[in-house]
Amino acid sequence: WLKANQKLCDILGYFEPELRAMTFQALIQPEDLRGYLARVGSLLAGDIGTFQMEMRYAHKSGAILWILLSVSMLRDGMGKPLYFIAQIQDITERKRAEEALIMQARVLHNMTEGVCLSDEKGVIVFNNAALERMFGYGPEELRGKHVSVLNSYSPDENSRIVAQISHQVTTRGIWSGEIGNRRKDGETFTTSASISLLEMSGRRYF
């Protein structure tokens, strides 16, 4: 390190003199070092003009940070490498949010219970694999269909039941009971269901 601004010192937890006494590689996690050094080699050789990568750094406290690293090179008039210029952004919170989303998706995928998310008009916007198996549909086949395709009631009865459930969910937050259902092949069966309200980005889902 030759120079570091205050923002970089704040991200890594070091004072600038401490950083100047260290190598750039010293804070990189070993699992990420090989990929970093390969890109540095390409930059030195002139094969690339800049590179960007996500990698893990060690904070002075010992905590592991995810950072977005952008590196370019300053050369002299003859093209000889002089300095690396690195820009570092702390993306730890974003990476944690991404990992949480991945975990939630895996939980939904591996659940034995069927999960279905529909909008206020009753159009299915999400369902997990268990629901597809339960009703005999293929992947993504239920998306965009109205939830009534899952029910075994007549249109009039279905409208009445949907209105009843919607009223209880919007006033009490949840509805639980048994529902008559129909598989894709026409076979009818009964499920025990719980329906709750989800409000997100100004929209309501069931």
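Residues numbered from 1 in each chain as written. Predicted model: local features only at pLDDT ≥ 70, side-chain atom pairs only at ≥ 80, totals over all residues. Heavy atoms only, no water.

Notes on the overall build of the chain
Here comes step 1: Along the chain, the regular secondary structure elements total 6 helices and 9 strands.
Here comes step 2: Radius of gyration (C-alpha) of the chain: 27 Å, far over the 17 Å computed for a compact globule of 206 residues.
Here comes step 3: If one aligns the C-alpha atoms of the chain with their principal axes, the spans along those axes are about 80 × 35 × 30 Å.
Here comes step 4: Within the chain, the proportion of its 206 residues that are buried is 31%.
Here comes step 5: Restricting to contacts in the chain with at least 6 residues of sequence separation, those with at least 24 account for 37%. (Helix = DSSP H or I, 4+ residues; strand = E, 2+ residues; numbered from the N terminus. Rg over C-alpha atoms; globule rule 2.2 N^0.38 Å. Buried < 20%, exposed > 50% of the residue type's maximum accessible area, 1.4 Å probe, protein only. Contact = heavy atoms within 4.5 Å.)

Details of the pattern of salt bridges
Here comes step 1: Enumeration according to the criterion identifies 13 salt bridges in this entry.
Here comes step 2: The closest approach of N and O atoms between R160 and E157, which form a salt bridge, is 4.0 Å. In this pair, R160 and E157 both sit in helix α6 (residues 155-172), 3 residues apart, roughly one turn of the helix.
Here comes step 3: With a relative accessible area of 33%, E157 lands in the partly exposed category.
Here comes step 4: Linking E187 and R183 is a salt bridge whose minimum nitrogen-to-oxygen distance equals 3.3 Å. (Salt bridge = Lys/Arg side-chain N within 4 Å of Asp/Glu carboxyl O.)

Some words on a nonpolar patch on the surface
Here comes step 1: Together, L2, L74, L82, Y83 and I85 make up a nonpolar patch on the protein surface, roughly 490 Å² of accessible area in all.
Here comes step 2: The leading source of residues in the nonpolar patch is strand β3 (residues 81-90), at 3 residues.
Here comes step 3: Note on placement: L74 falls in strand β2 (residues 64-75). (Patch = residues over 30% accessible without salt bridge, like charges linked within 9 Å, V, L, I, M, F, W, Y side chains within 5 Å. Areas by Shrake-Rupley, 256 points an atom, 1.4 Å probe, with all protein chains shown as cover.)

Describing the sheet that holds β2
Here comes step 1: Across the sheet, 3 strands lie side by side as β1-β2-β3; this open sheet has antiparallel pairing. Two strands lie at the open edges of the sheet, namely β1 (50-58) and β3, each paired on one side alone. Averaged over all adjacent pairs, the angle separating strand axes in this sheet is 30°, with direction ignored.
Here comes step 2: Both β1 and β2 contribute to a ladder of 9 bridges, which runs antiparallel. In the sheet register, Y57 faces β2, and the bridge partner there is L65.
Here comes step 3: Here helix α3 (residues 30-45) sits on the sheet in contact with β1, β2 and β3, set at roughly 155° to β1.
Here comes step 4: Of the strands in this sheet, β1, β2 and β3 are in contact with helix α4 (residues 92-110), which crosses β2 at around 130°. (Pairing = 2+ DSSP bridges. Axes fitted to C-alpha atoms, helices over the stretch in contact; angles between N-to-C directions.)

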